[in-house]
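In case you want the letters, here they are:
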Amino acid sequence: MKIFVATLGTETNSFSPLPTGLRAFEETALLRGDVRSEPETFINIANKTWLALAEADGHEVVQSLIAFAQPGGRTVRNVYEALRDEILRDLKAAGQVDLVLLFLHGAMMADGYDDCESDILERVREVAGHEAVIGAEIDLHCHLSERPLAFADAIVLFKEYPHTDVAERARELYRICRDTKRGLVRPTMALHDCRMIGFWRTSQPHVRQLVERMVEMERQPGVLSVSFAHGFPYGDTDRIGAKTLAVTDGDPILARNLAQELGRAVWNMRNRIGEEYCSIDDALDRAQAGTEGPYVLADTADNAGGGAPSDSTFVLQRILDRGITDVAAGCYWDIGAVRICMEAGPGSVLDLRFGGKCSPMSGDPIDLRVTVKACIPSLWQTGLDGLRAHVGQAVRVEAEGGIDIVLNTVRTQVYGPDVFTQLGIDILAKKIVLLKSTQHFYAAFAPIAKEVLYLDAEGTLVRDVRKLPYQHITRPLWPLVENPFSDQHDTERTTAA
Ligand SMILES: [Zn+2]
């Protein structure tokens, strides 16, 4: 078999003030050619997995582009078109291929393209023809619709959030597509619309049960894959919302039933969405009342991984106003402030202004007398499953009261404690560790945290989606309406493809 592999994606936040241009891809991942010698990252692990499996099976692999951008606003039109067309050119040059395996995000929007994944899959199908088997691995934070199902033979989503199963899902997709080409299986997909916007963490026990239910469903005969598309609340498109997807071996009725059953389970736990959040002051009260730390506070509203600038100051300002001491906070994306600190060097004392720059959703800048404690020209942090993520230039500044702040130049969420410890910050000695991330920090921080608290703060990723100025939603969705199914006799809506 000849197998073609490529990656193109980003998670587009329609409400982000940051355009996604070529620089965002260059800074995150833009790889051409052989990835065998590349260190494993969240972004290239799918391609590396397919490459290893295909070679073990004795197949030929054509490696095309790997392009991924840190989430932000819409991708600039000519940047998206150039990256997409590069993959299509490589595919044409490869001649007739048997399998096309794509790692896409699922919530990518570009200027002029509301649904990049369907656009890519449609064009790939056009080039590869109907003889080829096309499979896509997609993030569960996606806007899944019927359209991509028409162009792909199989779509498999991550099951875990934090996304710790990218390689496992890549293996699953490989198996399904390879067996399809061999004539051993005939994938049939069914999608169910839950008609709701929500946010779930698979570390929560009730969401864990849902993951286990999917795995159980996959053990049934004739079931190839079952996915729960959580959706991405910050992409203003009519495709928004939670969906469930089942892939069976030539049994559309079974696929529909499974998608419906899972969708019903998602709908039934809607009232538990958001129960883990608390207000900034409640979280700070709790941390101050505790005798030991660290209390890990997640500023989810300013998570770069969801397209936020990662420079909002609402929480840190409140900590300063309340006179709380022994705090580590990061990462604040502030290229100018980093430049000033690097220029001054370790040991310098500065009146530094930082944060609060990108939009009103970032709050006001903070002015603070700080000592520059450490500067690292190129810092990497340990991410999901031990994978590495670049932080860029990073500096640690310390303010009175043991308040340590990490400023950086490559916009990223916090994944691991080493983003602090490499700069010499002893987070175990802190009362509060304030970090900008929604969930990917959890696996690494939970074991060392006295308690993990998710903050309901202002910012680009507000918790209550009813506050978002959606313009493009045309179907009823909970919680924007109480009963999104009131226009139907049945409470189900499933389409088979
Ligand atoms: Zn995601």
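Nothing here was measured: the structure is a model prediction, and the numbers come from that model.

J.: Honestly, the side chain of Arg-475 in this entry has me stumped. Any pointers?
T.: Its location among the elements puts Arg-475 in the loop between strand S18 (451-455) and strand S19 (494-496). On the accessibility criterion, Arg-475 (13% relative accessible area) is buried. Side-chain polar atoms of Arg-475 contact the side chain of Asp-193, separated by 2.8 Å. Here the side chain of Arg-475 touches Ile-240 through a polar contact of 2.8 Å, landing on its backbone oxygen.

J.: Can you walk me through empty space enclosed by the protein in this structure?
T.: A water-sized probe rolled over the atoms picks out the places where empty space is left. Scanning the entire structure with this criterion turns up 1 cavity of 30 Å³ or more. Taken as a whole, the largest cavity spans an internal volume of roughly 50 Å³.

J.: Would you mind showing me how to read the coordination of the zinc ion here?
T.: Geometry sets the ideal angles at a metal, namely 109.5 degrees for four tetrahedral donors and 90 or 180 degrees for six octahedral donors. Taken together, Asp-139 (OD), Asp-139 (OD), His-141 (ND1) and His-163 (NE2) make up the protein donors of the zinc ion, found 2.1 to 2.4 Å from the metal. Seen from the zinc ion, its 4 donor atoms lie at angles of 54 to 141 degrees, and the figure they make is irregular. For the zinc ion, the donor residues sit on a single chain with the sequence spacing D-x1-H-x21-H. In this pair, His-141 sits in the loop between strand S5 (133-138) and helix H5 (146-149) while His-163 sits in the loop between strand S6 (154-157) and helix H6 (166-181), placing the two residues 22 residues apart along the sequence. Overall, the relative accessible area of 4% leaves His-141 in the buried class. Judged by relative accessible area, which is 4%, His-163 ranks as buried.

J.: Explanation requested: the sheet that holds S5 in the structure shown.
T.: Adjacent strands of a sheet form backbone hydrogen bonds with each other and so pair up, either parallel or antiparallel. Here we have 6 strands laid out as an open sheet, ordered S2-S3-S1-S4-S5-S6, and mixed in their pairing. Each edge of the open sheet carries a strand with a single partner, namely strand S2 (29-31) and S6. The average undirected angle you get between the axes of adjacent strands in this sheet is 15 degrees. Direction of pairing for S5 relative to S6: parallel, over a ladder of 4 bridges. Paired with Glu-137 across the strands is Val-156, a residue of S6. Those strands touched by helix H4 (residues 116-128) are strand S1 (2-9), strand S4 (99-104) and S5, and its axis lies near 165 degrees from that of S4. Those strands touched by H6 are S1, S4, S5 and S6, and its axis lies near 165 degrees from that of S5.

J.: Explain unusual backbone geometry to me, please; I cannot follow it from the model alone.
T.: Negative phi is the rule for most residues except glycine; trans is the rule for most peptide bonds. The step from Gly-293 to Pro-294 runs through a cis peptide bond, and the omega angle for that step is -5 degrees. Along the chain, the position of Pro-294 falls in the loop between helix H9 (280-289) and strand S11 (295-298). Cis peptide bonds are those with omega within 30 degrees of zero, and the linkage from Gly-330 to Cys-331 qualifies with -10 degrees. Its place among the elements puts Cys-331 in strand S12 (residues 327-333).

J.: I tried to follow H4 on my own but got confused; where do I start?
T.: For H4, built from 13 residues, the straight-helix expectation of 18 Å at 1.5 Å per residue is met to within 8% by its first-to-last C-alpha distance of 18 Å. For H4, the full list of buried residues reads Cys-116, Glu-117, Ser-118, Asp-119, Ile-120, Leu-121, Val-124, Arg-125 and Ala-128. Just beyond H4, the residue with positive phi is Gly-129, at close to 80 degrees.

J.: Can you walk me through the sheet that holds strand S10 (residues 277-278) in this structure?
T.: Taken in spatial order, the 9 strands make up an open sheet running S10-S18-S11-S17-S12-S16-S15-S14-S13, and their pairing is mixed. Either end of the sheet is taken by a strand with one partner, and the two such strands are S10 and strand S13 (349-354). As paired strands, strand S15 (residues 388-399) and strand S16 (residues 403-408) are joined by 6 bridges and run antiparallel to one another. Of the residues in S16, the one forming a bridge with Arg-396 is Val-406.

Criteria and cut-off values
Residues numbered from 1 in each chain as written. Predicted model: local features only at pLDDT ≥ 70, side-chain atom pairs only at ≥ 80, totals over all residues. Heavy atoms only, no water. Helix = DSSP H or I, 4+ residues; strand = E, 2+ residues; numbered from the N terminus. Buried < 20%, exposed > 50% of the residue type's maximum accessible area, 1.4 Å probe, protein only. Polar contact = N/O pair within 3.5 Å; in protein donor to acceptor, adjacent residues only side chain to side chain. 1 Å grid on protein atoms, 1.4 Å probe; cavity = no way out; pocket = protein on both sides within 12 Å on 5 of 7 lines; lining within 4 Å. Points joined across faces, edges and corners; volume = space filled by probe spheres on them. Donors = N, O, S within 2.8 Å, 3.2 Å for Na, K, Ca; no water. Tetrahedral: all angles 85-135°; square planar, octahedral: opposite > 155°, others 65-115°. Pairing = 2+ DSSP bridges. Axes fitted to C-alpha atoms, helices over the stretch in contact; angles between N-to-C directions. Contact = heavy atoms within 4.5 Å. Expected span 1.5 Å × (residues − 1).

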